[in-house]
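What follows is the residue order along each chain.
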Amino acid sequence: MTAIGAQAQQLLAHRRPKKSFFEALIRSLIILCVAIAVVLSSISICDGRWLFTRGQLFGLWHFCTVSNDSVLKCVTDLRLAQVEGLSVGVIPIRSMVSFAVVVAIFGLELLMVSQVCDDANARRKWAMGSVLILVSFLLSATGVLSFSILVKDHLTFTGFTLTYWCEFVAAFLFFLNGISGLHINSLTHLRNGVGKI
């Protein structure tokens, strides 16, 4: 056997078995849902106004009040909200939810690369991407929960704004897709292992 033939044999040996249509569809849906979660979380963080109650709007970046003539007056000094610990507490919350988006983008990139580059490390890239998505869930969920605890005296279920629910849904999608990504990876690994025996 020539050297070129030996290299071709080695390359063929390292190729993964072809994915079924169903597996490719599920992986594509996971990637799509993670991308949607990243967009929702980004919108939520950029707007940052998460709770409206009693004519006051609490957020990550601003505190706003609504005057009698329905004019919204916003300030960046959160001490004016007169909520204990809010001005200091939102700093780590901002950091957590912002870092969650950054980690999710890297996770999404690994998920996409694992599908485009069909090499021996594709399975590992997918698993690492799924783990990063789960880390995004932990950061995002901690930020959402911490904000709710900070403004607990002003909480009403109907007071949460659309951008708060965007972050909540994004955290849920991060969890769902991170777990699903790890699960489908383990299922396909088991199937491929059984196929080799």
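Keep in mind that what you see is a predicted model, and the values were worked out from it rather than measured.

1. Considerations on the nonpolar core
- If you look at the biggest cluster of nonpolar residues, it comprises 38 residues, and the most contacted ones within it are V34, W50, F58, L86, L111, F147 and F174.
- Put simply, the parts of the chain that give this core at least two residues each are α2 (21-47), β1 (49-53), α3 (86-116), α4 (122-150) and α5 (162-196).
- Tallying contributions element by element places α3 first for this core, with 11 residues.
- In this view, F147 contacts W50, L51, F58, G59, L60, I93 and Y164; residues no more than four positions away in its chain are not counted.

2. Re the packing of α3 against α4
- Packing of α3 against α4 brings their axes to within 7 Å, and their N-to-C directions diverge by 160°. Regarding the angle of α3 to α4, the classification is roughly antiparallel. Here the hand of the crossing between α3 and α4 comes out left-handed.
- Looking at the contact of α3 with α4 residue by residue, the classes come out as 23 nonpolar, 11 polar and one charged.

3. Quick notes on unusual backbone geometry
- Within the chain, R54 stands out as a residue other than glycine whose phi angle is a positive 50°.
- Relative to the helices and strands, R54 resides in the loop between β1 and β2 (56-59).
- What makes R54 exposed here is its relative accessible area of 61%.

4. Observations concerning the sheet that holds strand β3 (residues 63-66)
- Pairing is antiparallel in the open sheet, where four strands are placed in the order β1-β2-β3-β4. Sheet topology places β1 and β4 (72-75) at the edges, where each strand pairs with a single neighbour. Going across the sheet, the axis of each strand differs from the next one's by a mean of 20°, ignoring polarity.
- Lying over the sheet, α4 contacts β1 and β2, oriented at roughly 25° with respect to β1.

Basis of the calculations
- Residues numbered from 1 in each chain as written.
- Predicted model: local features only at pLDDT ≥ 70, side-chain atom pairs only at ≥ 80, totals over all residues.
- Heavy atoms only, no water.
- Core = buried A, V, L, I, M, F, W, Y, C linked by side-chain atoms within 4.5 Å.
- Buried < 20%, exposed > 50% of the residue type's maximum accessible area, 1.4 Å probe, protein only.
- Helix = DSSP H or I, 4+ residues; strand = E, 2+ residues; numbered from the N terminus.
- Contact = heavy atoms within 4.5 Å.
- Axes fitted to C-alpha atoms, helices over the stretch in contact; angles between N-to-C directions.
- Parallel < 35°, antiparallel > 145°, perpendicular 65-115°, else oblique.
- Left-handed = near helix turned anticlockwise from the far one by under 90°.
- Nonpolar A, V, L, I, M, F, W, Y, C, P; charged D, E, K, R; others polar.
- Pairing = 2+ DSSP bridges.

These results come straight from atomic positions and should not be treated as a statement about function.
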